[in-house]
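Structure at a glance
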Amino acid sequence: MSDQETELKLLRDQIDSIDQQIHTLLNDRARCAQSVAEVKERYQQGDREAVFYRPEREAQVLRRVMQRNQGPLADHEVARLFREIMSVCLALEKPMHVAFLGPEGTFTQQAASKHFGHSAHCIPFNSNDEVFREVESGGAHYGVVPIENSSEGVVTHTLDLFKRFNLKICGEVELRIHHHVLRVGDEGLDNIARIYLPQQTLSQCRSWLDTHFLSAERILVSSNAEAARMAVKQGPAAVAIASDLVADLYQLNIVARNIDDQSDNSTRYLIIGDQDVGESGHDKTSILVTVPDKAGALYELLQHFHQHKISLTGIETRPASPESSHSVFYIDFEGHAANQHIQNVLQELQSDTVELKLLGSYPVAVL
Ligand SMILES: C=C(O[C@@H]1C=C(C(=O)O)C=C[C@H]1O)C(=O)O
């Protein structure tokens, strides 16, 4: 055996022994999760199913993993591993069904996998309305819907769905968005006649497309996956703008990478469900408030937050309805509704508003 082989053998024996320990520990952890499930079921009252998924606990586990990490593995890499470990443990307790805006390969699907890990069963739906409906009817445990993109702003349609459906926000997840140019064949960026892409992709990559392909025809489609389907169907004259995942799914070549106008382009998604989430120690609360359309209404609303020193993380105005004399504000702020000072502000807001809908308190995104 050469010196190199001897040294490698020693190290690989060490790795084998560590793997064996990790393996035993993983199954020990899985057994604990099974016992946790038994306890949850034993204490469940009424005929509702026990709540197995606990976002606040998962956020705490992930935060602790990142805090205690000493390397050489990067914080987000160890957290990603633990994310998957919790995903398999939860699946052992109860397989989670998660609805997302499809088709297969959307950024929303990536967000769902990032949040729940790969052991959750993610099911595509044709619209965000259908995702809300599926969760409300109990067909899926949770849903994942886009709420805000760093370059495009808030997805107002999602906000409006919270008025129509009685669902809670159980979590949030942020996803870095990377768009690429996908194509059949190896012609690089030459001879492109048509570009298939959805509207939101055009908004996020417009300057790059104007600089590189001003003359190519732009054809708007319903999703990045649909763009890829068209690029496959039409051959090398057509390209799709989509993600790595879509490139893999449709076996297209990536001929230009990361064409997003904002290098840190990211989208925030909300996890919707029918569950009140406990405190994780670093939480956010979202509310919908309806106020009369009068001068100073927003000022009065915001004063309550100012007085209680509560930081707002987002505020968006939505029209109540065309004939209404009310405005609706969607407000996100730091803190959990179980905290006394948040309860105080909610009470004050209640007496100042026509309607206050508490959409939920949930852990601030960890990954
Ligand atoms: C084990 C539990 O159930 C689930 C699995 C978790 C885990 O694997 O750590 C954490 C929270 C829950 O989503 C628990 O509630 O503690």
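Residues numbered from 1 in each chain as written. Predicted model: local features only at pLDDT ≥ 70, side-chain atom pairs only at ≥ 80, totals over all residues. Heavy atoms only, no water.

If you look the chain up in an unreviewed UniProt entry, it shows as Bifunctional chorismate mutase/prephenate dehydratase from Amphritea atlantica. Among the UniProt annotations of the chain, the heading Function (unreviewed entry) holds the following wording: "Catalyzes the Claisen rearrangement of chorismate to prephenate and the decarboxylation/dehydration of prephenate to phenylpyruvate." Looking at the Subcellular location (unreviewed entry) heading of the UniProt record, one finds this comment for the chain: "Cytoplasm". (UniProt positions renumbered as here; feature names shortened; annotations may be inferred.)

**A closer look at empty space enclosed by the protein**
Following the criterion strictly, the structure yields two cavities of 30 Å³ or more and no others. Considered as a void within the structure, the largest cavity measures approximately 160 Å³ in volume. Taken together, 16 residues form the lining of the largest cavity, with A59, L62, H115, E172 and V366 sitting closest to its centre. Elements represented by at least two residues in the lining of the largest cavity include exactly helix 2 (55-68), helix 4 (107-116) and strand 5 (168-176). (1 Å grid on protein atoms, 1.4 Å probe; cavity = no way out; pocket = protein on both sides within 12 Å on 5 of 7 lines; lining within 4 Å. Points joined across faces, edges and corners; volume = space filled by probe spheres on them. Helix = DSSP H or I, 4+ residues; strand = E, 2+ residues; numbered from the N terminus.)

**Overview of the confidence of the model for the chain**
As a note on interpretation, predicted positions should not be read in detail where pLDDT is low. Averaged over every residue, the pLDDT of the chain is 95; residues scoring 70 or more account for 100%. For this predicted complex, the interface confidence reaches an ipTM of 0.99, while the overall pTM sits at 0.95. (pLDDT = per-residue confidence, 0-100.)

**Regarding the pattern of salt bridges**
Inspection of every chain in the model, using the stated rule, returns 20 salt bridges. The salt bridge involving D129 is made with R164; its shortest N-O contact spans 3.3 Å. Residue D129 is located in helix 5 (residues 128-136), and its partner R164 is located in helix 6 (residues 156-164); the two are separated by 35 residues in the primary sequence. Residues E172 and R268 are paired through a salt bridge, measuring 2.7 Å at the closest nitrogen-oxygen approach. Of the two residues, E172 is situated in strand 5 and R268 in strand 11 (residues 266-273); the sequence distance between them amounts to 96 residues. On the accessibility criterion, E172 (4% relative accessible area) is buried. R268 sits in the buried class, given a relative accessible area of 8%. (Salt bridge = Lys/Arg side-chain N within 4 Å of Asp/Glu carboxyl O. Buried < 20%, exposed > 50% of the residue type's maximum accessible area, 1.4 Å probe, protein only.)

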